[in-house]
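Okay, here's what each chain looks like letter by letter:
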Amino acid sequence: MTETAPLTQRTGDARPELPRQGGLLEGLVKTARPKQWVKNVLVVAPPAAAGELFSAHALSRVALVFVLFTACSAAVYLVNDAGDAESDRAHPTKRHRPVAAGQVPVRVAYAVGGVLAVLAPAAAAWLTTPAVAVLLSAYIGMQLAYCVSLKHVLVVDLAVVTTGFLMRAMAGGLVLGIPLSRWFLITTGFGALFMVAAKRYSEAVQMAGKAGATRALLTEYTTGYLRFVWQLAAGVAVLGYCLWTLEEDSATQVSALPWRQMSMVAFIVAVLRYAVFADRGTAGEPEEVVLRDRALVLIALAWSVMYALAVAHW
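Residues numbered from 1 in each chain as written. Predicted model: local features only at pLDDT ≥ 70, side-chain atom pairs only at ≥ 80, totals over all residues. Heavy atoms only, no water.

Visitor: Can you help me understand the overall build of the protein in this one?
Guide: Check the secondary structure of the protein and you find 14 helices and 0 strands. For the protein, the sequential pattern of α-helices and β-strands runs α-α-α-α-α-α-α-α-α-α-α-α-α-α. Here the protein, with 314 residues, has 43% of them falling under the buried criterion. Within the protein, contacts between residues at least 6 apart in sequence are counted, and of these 71% link residues at least 24 apart. Element-wise, carbon and sulfur atoms account for 68% of the exposed surface of the protein, whose accessible area totals about 16,300 Å². (Helix = DSSP H or I, 4+ residues; strand = E, 2+ residues; numbered from the N terminus. Buried < 20%, exposed > 50% of the residue type's maximum accessible area, 1.4 Å probe, protein only. Contact = heavy atoms within 4.5 Å. Areas by Shrake-Rupley, 256 points an atom, 1.4 Å probe, with all protein chains shown as cover.)

Structure, rendered in structure tokens:
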């Protein structure tokens, strides 16, 4: 009995046959990028910083916004992968994505992404506040524009990704009606830009001299420019955080120790530690960098304890 060769080999097609693994639902979940959902934890930042997180009402509202933002980001990932399916099939790594591999049909990805993009803001308008619904709508519109064209525009691509992080933090404040400090917004925005630029810099360093960059714009950015951006962003984030911790009037301080001001040390050390990986060109996904480095985890815990003590006025 003779073995029948795969169609792609018999016809001489240069494109490798892509395996279909798992079912449709599993493929949709993978396309929604569960690892990226950790970014939506930023919605917790404003109520936690204001000391208004630990109540049943606050927790339920923040959890709802987390779910809605997760739905919005999933919608964007589905539409993005559907639009990039052809180009992803030619990429050594991205060709294994469910849509590119054929596990999730392109039309299904577009349909599910479209439904989520409509339902999430509508649910926000019904269950939260109009401001949150508008914010989610703006986020989806901006991210879809990014998928279509803005990711090909120098500097604008960095600004859009950074703004996405900032919107997450803003949503946590809007859903509870918490005023957002200007220094909080500056710290969050430039902290996000620091990580985004460090990630781009790492990709550029690793792809230097190689063909097939993971992002088209990496061939247009220079490593020197991206280094300048993450260094500038790190400096502004540190300055913003220091001014944020000093913003509260000293007359209102009732803590036994100035925990809020002391947390500056942990924040600065964390930025300096993360900058080590950025400088080496190994600052890929931020969540992976943080979770893999034990020192960063310990620094983050120390910062969390100090800030919690400040909020509790201990």
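Visitor: Would you mind showing me how to read the packing of helix H4 (residues 56-83) against helix H9 (residues 156-174) here?
Guide: In a pair of packed helices, the angle between the axes and the distance between the axes together describe the arrangement. Direction vectors running N to C along H4 and H9 enclose 155°, while the axes themselves pass 10 Å from each other. Considering their axes alone, H4 and H9 lie roughly antiparallel with respect to each other. For the pair H4 and H9, the crossing hand works out as right-handed. Residues Val65, Phe69 and Ser73 of H4 form the contact with H9, whose own contacting residues are Met167, Arg168 and Ala171. Of the residues contributing to the contact of H4 with H9, the split by class is 4 nonpolar, 1 polar and 1 charged. (Axes fitted to C-alpha atoms, helices over the stretch in contact; angles between N-to-C directions. Parallel < 35°, antiparallel > 145°, perpendicular 65-115°, else oblique. Left-handed = near helix turned anticlockwise from the far one by under 90°. Nonpolar A, V, L, I, M, F, W, Y, C, P; charged D, E, K, R; others polar.)

Visitor: Would you take a moment to explain helix H11 (residues 223-247) for this structure?
Guide: Residues spaced three or four apart along an α-helix point in a common direction, a consequence of the helix completing one turn every 3.6 residues. In a regular helix each residue adds 1.5 Å, so 25 residues correspond to 36 Å; H11 covers 36 Å between its end C-alpha atoms and thus fits that length. Every buried residue of H11 is listed here: Leu226, Val229, Trp230, Ala233, Ala234, Ala237, Val238, Gly240, Tyr241, Cys242, Trp244 and Thr245. In the core, the buried residues of H11 are packed alongside helix H3 (45-50), H9, helix H10 (182-207), helix H12 (259-280) and helix H14 (294-311). (Expected span 1.5 Å × (residues − 1).)

Visitor: What should I look at first to understand the environment of Lys199 in this one?
Guide: Its place among the elements puts Lys199 in helix H10. Residue class for Lys199 comes out buried when judged on its relative accessible area of 13%.

Visitor: Which parts of the structure should I look at to understand the confidence of the model for the protein?
Guide: A low pLDDT means the predicted coordinates there should not be read in detail. Here the protein averages 85 in pLDDT, while 87% of its residues score no lower than 70. In the model, residues 1-20 has pLDDT below 50 throughout and makes 16 contacts with residues more than four positions away in sequence or in other chains. (pLDDT = per-residue confidence, 0-100.)

Visitor: It is not clear to me how unusual backbone geometry should be interpreted in this structure. Could you clarify?
Guide: The phi angle of most residues is negative, glycine excepted, and most peptide bonds adopt the trans form. Look at Arg33: it is not a glycine, yet its phi comes out positive at around 55°. Within the secondary structure layout, Arg33 lies in the loop between helix H2 (24-31) and H3. Residue Val155 is not a glycine yet carries a positive backbone phi of 70°. With respect to the helices, strands and loops of the structure, Val155 is situated in the loop between helix H8 (130-148) and H9.

Visitor: How should I be thinking about the packing of aromatic side chains in this particular structure?
Guide: Any pair of aromatic rings gets described here by the distance separating the centres and the angle formed by the planes. Taken as a whole and assessed by the stated rule, the structure comprises 11 aromatic pairs. Relative to Trp230, the ring of Phe194 lies with its centre 6.1 Å away and its plane at 45°, an arrangement referred to as tilted. Note that Phe194 is positioned in helix H10 and Trp230 in helix H11, a separation of 36 residues in sequence. The exposure class assigned to Trp230 is buried, which follows from its relative accessible area of 5%. Ring geometry for Trp303 against Tyr307: centres 5.5 Å apart, planes inclined by 25°, an arrangement best described as stacked. Of this pair, Trp303 and Tyr307 both sit in helix H14, 4 residues apart, roughly one helical turn. For Tyr307, a relative accessible area of 6% translates into the label buried. Within the aromatic cluster, the residues linked to one another by ring pairs are Phe184, Tyr241, Trp244, Phe267, Trp303 and Tyr307. The aromatic ring of Phe165 is capped on one face by Arg168, whose charged end is 5.6 Å from the ring centroid. (Phe/Tyr/Trp six-rings, centres within 6.5 Å; stacked < 30°, edge-to-face > 60°. Lys NZ or Arg CZ within 6 Å of the ring centre and 35° of its normal.)

Visitor: Which parts of the structure should I look at to understand the side chain of Asn80?
Guide: By the secondary structure assignment, Asn80 is in helix H4. Non-local contacts of Asn80, meaning those with residues more than four positions away in its chain, are made with Arg33, Arg97, Cys147 and Lys151.

Visitor: Looking at this structure, how should I read the packing of H12 against H14?
Guide: Their axes nearest at 9 Å, the elements H12 and H14 cross at an angle of 160°. In terms of orientation, H12 lies roughly antiparallel with respect to H14. Between H12 and H14 lies a crossing of left-handed hand. Judged by residue contacts, Trp259, Arg260, Met262, Ser263, Ala266, Phe267, Val269, Ala270, Arg273, Tyr274 and Phe277 of H12 engage Ala295, Leu296, Ile299, Trp303, Met306, Tyr307, Leu309 and Ala310 from H14. Split into classes, the residues belonging to the contact of H12 with H14 amount to 16 nonpolar, 1 polar and 2 charged.

Visitor: Help me understand the nonpolar core in this model?
Guide: Inside soluble globular proteins, nonpolar side chains tend to come together where they are buried. If you look at the biggest cluster of nonpolar residues, it comprises 34 residues, and the most contacted ones within it are Phe194, Trp230 and Tyr274. With near-sequence residues (within four places) excluded, Tyr274 lies in contact with Phe194, Met195, Ala198, Ala283, Pro286, Val289, Val290 and Leu296. Of all hydrophobic cores here, the second largest spans 24 residues; its members include Cys72, Ala117, Tyr146 and Val175. (Core = buried A, V, L, I, M, F, W, Y, C linked by side-chain atoms within 4.5 Å.)

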